[in-house]
Amino acid sequence: MPMYSEKVMDHFMNPRNVGEIEDADGIGEEGNPVCGDMMTFYIKVKDNRLEDVKFQTFGCGAAVAVSSIVSEMAKGKTLEEALTITPSLVAHELEGLPKNKYHCSNLGAQALRKAIRDYAQKRGITIKGLEMKGEQDEEGEES
Ligand code: FES
């Protein structure tokens with residue numbers, strides 16, 4: 001069995017939605033201090049839906065594939081639906097990830113989540129599913 005699924009390879013070689021949204025409604029950045037990989041998600045929201053999603057990723061191949069699939073999964077969804085995108089769902093959508101690459105899918109789900117939270121904070125609104133435990137864990141350590 002190859003280490004990466006064809007879907008991972010496809011999204012790595014031809015990542016969708018790469019780039020920056022200049023007038024983004026929300027921006028979320030997530031990094032992993034261990035591997036040093038970084039991901040930034042930009043979202044554009046209209047009528048509570050993710051009208052556009054773009055990303056910039058400086059990371060491993062799996063991280064690129066993860067960001068690409070997350071952007072595809074999120075686009076067109078309502079904010080509430082987008083918040084149900086979990087790392088395991090991302091890995092599933094990619095037809096599996098090697099075990100030592102699971103954290104890469106975590107990065108994608110978290111970066112999208114942070115972008116949605118950024119949007120919610122700017123608007124002063126609450127979104128169902130946004131306040132979930134385990135989220136603060138990753139924060140507060142940045143200088
Ligand atoms: Fe860290 Fe992939 S090795 S995001």
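Structure report, in brief. (Residues numbered from 1 in each chain as written. Predicted model: local features only at pLDDT ≥ 70, side-chain atom pairs only at ≥ 80, totals over all residues. Heavy atoms only, no water.)

What follows covers the overall build of the chain. Looking only at helices and strands, the chain features 5 helices and 3 strands. In terms of overall size, the chain behaves like a compact globule, its C-alpha atoms giving a radius of gyration of 14 Å where 143 residues would be expected to give roughly 15 Å. Structurally, the chain occupies a C-alpha span of about 50 × 30 × 25 Å along its principal axes. Carbon and sulfur atoms make up 51% of the accessible area of the chain, which totals about 7,900 Å². (Helix = DSSP H or I, 4+ residues; strand = E, 2+ residues; numbered from the N terminus. Rg over C-alpha atoms; globule rule 2.2 N^0.38 Å. Areas by Shrake-Rupley, 256 points an atom, 1.4 Å probe, with all protein chains shown as cover.)

Once that is clear, we can look at helix α5 (residues 102-123). Because an α-helix packs 3.6 residues into every turn, residues spaced three or four apart end up facing the same way. Along its 22 residues, α5 runs 32 Å from first to last C-alpha, staying within 8% of the 32 Å computed at 1.5 Å per residue. At the C-terminal side of α5, G124 shows a positive phi close to 70°. (Expected span 1.5 Å × (residues − 1).)

On to the sheet that holds strand β1 (residues 26-31). Read from one edge of the open sheet, 3 strands run β1-β2-β3, paired in antiparallel fashion. The strands lining the two open edges of the sheet, one partner per strand, are β1 and β3 (49-58). Averaged over neighbouring strand pairs, the angle between their axes works out to 15° when direction is ignored. Taken together, the 9 bridges between strand β2 (residues 38-46) and β3 define a ladder with antiparallel strand orientation. Looking at β3, one finds that K46 is bridged to R49. (Pairing = 2+ DSSP bridges. Axes fitted to C-alpha atoms, helices over the stretch in contact; angles between N-to-C directions.)

Let's shift gears to a nonpolar patch on the surface. A cluster of nonpolar side chains, M9, F12 and M13, forms an exposed patch at the surface whose accessible area comes to about 300 Å². Examined against the element boundaries, M9 turns out to sit in helix α1 (residues 6-13). Taking the relative accessible area as the measure of exposure, M9 reaches 35% and is therefore partly exposed. (Patch = residues over 30% accessible without salt bridge, like charges linked within 9 Å, V, L, I, M, F, W, Y side chains within 5 Å. Salt bridge = Lys/Arg side-chain N within 4 Å of Asp/Glu carboxyl O. Buried < 20%, exposed > 50% of the residue type's maximum accessible area, 1.4 Å probe, protein only.)

Moving on, we get to the pairing of β1. Side-chain alternation along β1 places G26, G28 and E30 on a buried face and I27, E29 and G31 on a face that remains uncovered. Relative to β2, β1 is paired through 6 bridges, and the arrangement is antiparallel. Looking across to β2, one finds that G31 is bridged to M38. Following β1, the chain reverses through 6 residues before pairing antiparallel with β2; G36 in that reversal takes a positive phi of roughly 80°.

Enumeration according to the criterion identifies 7 salt bridges in this entry. For the salt bridge of K114 with E30, the shortest nitrogen-to-oxygen distance reads 2.6 Å. With K114 in helix α5 and E30 in strand β1, this pair connects stretches of sequence that are 84 residues apart. When its relative accessible area of 10% is taken as the criterion, K114 is described as buried. Using a relative accessible area of 5% as the deciding quantity, one classes E30 as buried. The residue K75 makes a salt bridge to D52 at a minimum N-O spacing of 3.5 Å. With a gap of 23 residues between them, K75 in the loop between α2 (61-74) and α3 (79-82) and D52 in strand β3 connect regions that are remote in the sequence. One salt-bridge network, in which partners are shared between bridges, spans D10, R16 and E72.

With that settled, the discussion passes to the environment of K7. Here K7 shows up in helix α1. Residues K7 and E51, 44 residues apart in the sequence, show an inter-C-alpha distance of 24 Å. In this view, K7 contacts I69, E93, L94 and E95; residues no more than four positions away in its chain are not counted. A polar contact is formed between the side chain of K7 and the backbone oxygen of E93, at a distance of 3.3 Å. (Contact = heavy atoms within 4.5 Å. Polar contact = N/O pair within 3.5 Å; in protein donor to acceptor, adjacent residues only side chain to side chain.)

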